[in-house]
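Reading the structure
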Amino acid sequence: MSSAPQTLFEKIWNRHMVRPETPLTPAILYIDLHLVHEVTSPQAFSELRQRGLNVRRPEQTIATMDHSTPTTPRDANGIIPVQDVQAQAQLTQLETNCRDFGIPLFALGTENQGIVHVIGPEQGLTQPGMTIVCGDSHTSTHGAFGALAFGIGTSEVGHVLATQCLLQSKPKTMEIRVNGRLTPGVSAKDIILAIIAKIGVGGGTGYVVEYTGEAIRALSMEERMTICNMSIEGGARAGLIAPDDVTFNYIKGRPRAPQGADWDAAVADWSTLKTDPGAKYDAVVELDANTLVPMITYGTNPGMGMAITATVPTVSDMHDDQSKAGLEKALKYMDLQQGQSLLGKKVDVVFIGSCTNSRISDLRLAAEVFKNRKVADGVRVMVVPGSQQVKKQAEQEGLADIFRQAGAEWREAGCSMCIAMNGDQLSPGQYAVSTSNRNFEGRQGKGGRTFLASPLTAAASAIKGVVSDPREILS
Amino acid sequence: MDKFVPYQARYAVLPVENVDTDQIIPARFLKTTNKAGLGDSLFADWRYDNDGNPNPDFVLNQPFAKGVEVLVAGNNFGCGSSREHAPWALQGFGFKAVLSTYFADIFQNNALKNGVLPIVIPENVYNYLVEEDAKNPGHATVSVDLENQSITLPDGESINFPIEPFAKYCVLNGVDQLGFLASADADVSQFETARAPRVNTMGLI
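Figured I'd write up the structure that's included with this text. (Residues numbered from 1 in each chain as written. Chains lettered and ligands numbered in written order. Predicted model: local features only at pLDDT ≥ 70, side-chain atom pairs only at ≥ 80, totals over all residues. Heavy atoms only, no water.)

Some words on the overall build of chain B
Filter applied, for reference: Segments assigned H or I by DSSP are reported as helices when at least four residues long, segments assigned E as strands when at least two residues long, and all are numbered from the N terminus. Residue exposure (1.4 Å probe, protein chains only): buried if accessible area is under 20% of the type maximum, exposed if over 50%, otherwise partly exposed. A contact between two residues is defined here by any heavy atoms of the two lying within 4.5 Å. Values of accessible area rely on a 1.4 Å probe in the Shrake-Rupley scheme; residue burial ignores everything except the protein chains shown. Positive charges come from Lys and Arg, negative ones from Asp and Glu, while His and the chain ends are left out of the count. By convention, the charge on Lys lies at NZ, on Arg at CZ, on Asp at CG and on Glu at CD.
When helices and strands are counted, chain B shows eight helices and seven strands. The buried share among the 205 residues of chain B stands at 54%. Taking as baseline every contact in chain B between residues at least 6 positions apart, the subset at least 24 positions apart corresponds to 65%. For chain B, the accessible surface area stands at approximately 8,400 Å², while carbon and sulfur atoms represent 49% of it. Looking at charge distribution, chain B has the averaged site of its 14 positive side-chain charges lying 6 Å from that of its 25 negative ones.

Remarks on the sheet that holds strand β17 (residues 409-410) of chain A
Residues and elements named next belong to chain A. So the rule is basically this: Strand pairing is assigned whenever DSSP identifies at least 2 bridges connecting the two strands. What counts as an axis is a line fitted to C-alpha atoms, over the stretch in contact for a helix, and the angles between N-to-C directions run from 0 to 180 degrees.
If you trace the five strands from one edge of the open sheet to the other, you get β17-β16-β15-β18-β19, paired in parallel fashion. For this open sheet the edge positions go to β17 and β19 (449-452), each flanked by a neighbour on one side alone. In this structure, strand β16 (residues 380-383) lies alongside β17, joined through two bridges in parallel fashion. Among the inter-strand pairings, valine 383 is bridged to a residue of β17, identified as tryptophan 410. Across the sheet, helix α15 (residues 455-464) touches β15 (349-352), β16 and β18 (431-434), and the angle it forms with β15 is around 150°.

Focus on the interface of chain A and chain B
Let me state the cut-off plainly: Throughout, the accessible surface (probe 1.4 Å) given up by two parts as they are put together, summed over both, is called the buried area. Should a side-chain nitrogen of Lys or Arg be within 4 Å of a carboxyl oxygen of Asp or Glu, the pair is scored as a salt bridge. Residues adjacent in sequence count toward polar contacts only when both atoms are side-chain atoms; beyond that, a polar contact is any pair of N or O atoms within 3.5 Å, and within protein one must be able to donate a hydrogen and the other to accept it. Under this grouping Gly is polar, as are all residues other than the nonpolar Ala, Val, Leu, Ile, Met, Phe, Trp, Tyr, Cys and Pro and the charged Asp, Glu, Lys and Arg.
Facing the 85 residues of chain A at the interface are 67 residues of chain B. Both sides together, the interface formed by chain A and chain B hides about 6,400 Å², and carbon and sulfur atoms give 55% of it. Connecting chain A to chain B are nine salt bridges. With its nearest N and O atoms 3.0 Å apart, the salt bridge here joins B:Arg195 to A:Asp32. Our count for the contact surface shared by chain A and chain B stands at 36 residue pairs in polar contact (both at pLDDT 80 or more). If you tally residues by element for the side of chain A that touches chain B, the top one is helix α5 (residues 154-163) of chain A, at six residues. When the residues that make up the side of chain A that touches chain B are grouped by side-chain class, the tally is 34 nonpolar, 34 polar and 17 charged.

Digging into the state of the cysteines
Put simply, the test is: When the sulfur atoms of two cysteines come within 2.5 Å, that pair is taken as a disulfide.
Considering all chains together, one arrives at zero disulfides over all chains under this definition. Residue B:Cys79 stays outside any disulfide, its sulfur separated by 15 Å from that of A:Cys418, the closest cysteine. Exposure remark for B:Cys79: the relative accessible area of 5% places this residue in the buried category. With no disulfide of its own, B:Cys170 lies closest to A:Cys165 among cysteine sulfurs, the gap being 16 Å. What makes B:Cys170 buried here is its relative accessible area of 3%.

Function-wise, these values are silent; they only describe arrangement.
See the structure below:
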């Protein structure tokens, strides 16, 4: 073992090296946990069948249904009905694939089903120092535990199913240090939106990001997941946060957490998973949490974000022709003017959910705003828990009642309006404040317009009926 | 995957930066369980209006777009999701390569696995290709030679482009990467023997 100081990324990378990189071939990296969902896996299973291959480690693989599933209420028999024939066929195909290849599946509506990046941590499957992949770019979420986790394409899903390995070139490392402390009404979502606004949607391409600093240390585990979740929106395939007591306390007692003596050994090992003093990152970015205010996006990629109190940039602010054209195109799609404020802009829909912000703590934040208040007339509010477990807990804590009494829809678990391929979508021209991760054109429905924001900002906007600064409601 | 054969092709220009995978293939077309027909939905929200009729302004609806095999697109092409449906849709339409000043990571990986070449070009070359196309849209050509990692521009000048040696080998020879991984089976077994599995997913249901 080399005694040179190593980054957290290098430690995890080295632990999973089946074969190192050569000048002619990428490294072969071992994968500890493979998460599978219905949308990006069918063609991979077809490939396995064509080649007569098995799944090498079904016991290191788990499947769930989330993307194409409806979040509409259950029928009299407790079943969530799927009206869309194509979606039903895809879900049935996943059931067949999991049965044929021996992979455990959390089927639609069952006790543990939910968004793939919610269920992994919930079951204690996501643990520090692991390698985790999924055919989904938001796999970066799991990096919040100090696991190297990233999204892969369907060909690679096939590679991992068949060999439990991936071919990887070693990425570069970037430290994003968030100094200071957040002020009331400002949350993890605002940190990551500010980071992406700063580095741009391609700023992290080719890097694994490690988030460090006082503000990150002060975050809860679920807030850390929100940060790492959106690493990919800055172009980075993976985001990491070194594990600490916050991490260990969150994992302890979960269904697949180590038990007894194994737990002690695991914590001792996990405690070594941090960047050594003197280890070098390839790039460093700093951000100050003290001065951060709630963030909102105005454009059609997550890098087009600003302080909610600011005004939309003007073309003259842009440095080059492509950026100027990009801003003009975005504002045309959003039907917004250069230099305008978003505060007070009427909204049609508020969506609280997605793998970014659908965990119990996100729902608690939103409920704090909704409690004893009513959704403004003419606004549709959807609250979509990230998993059946989150749904159950929110109902037990009385959060669901708060949402319903406020006039919001309380729905079944799934990706819902984040991806608009399951019946939950905007109509053309509608404006939504959304806690999801992407504001691309049409992402939430063809012609729909998305303002990305935190659960607090989304809930405050739901109450006021216009884009609102949550600090005004909370104070 | 077929072996790579050098070609000369006409190109279409999409002068938009940060083209994300939701534009390349919107999520509602991902409810398929195979790869067939995705080319018809390539850039669906830009290509068709709300009634499904072709948008007459969009580049791929121009008469010259029939038969183009190269797409020249703005900076940071393919950002967003990990959907491999993006290169499948490009390939389904007939594209063999995308030329841009920058590509998003996962898209680049996915494209190479399907033999769709993501070719990084300098900004001045991008600007030149856009200007050259504007003179007579869809008529100018580029030649792509993977063996020599070069493209030949409409004026006859050749420039080189970077590509990972292993991806190059696979695309050139029409072999996929799974075969190589499978050949490392003994190493994987040795790795697994030396180290207990981290988690067990069985029995949670």
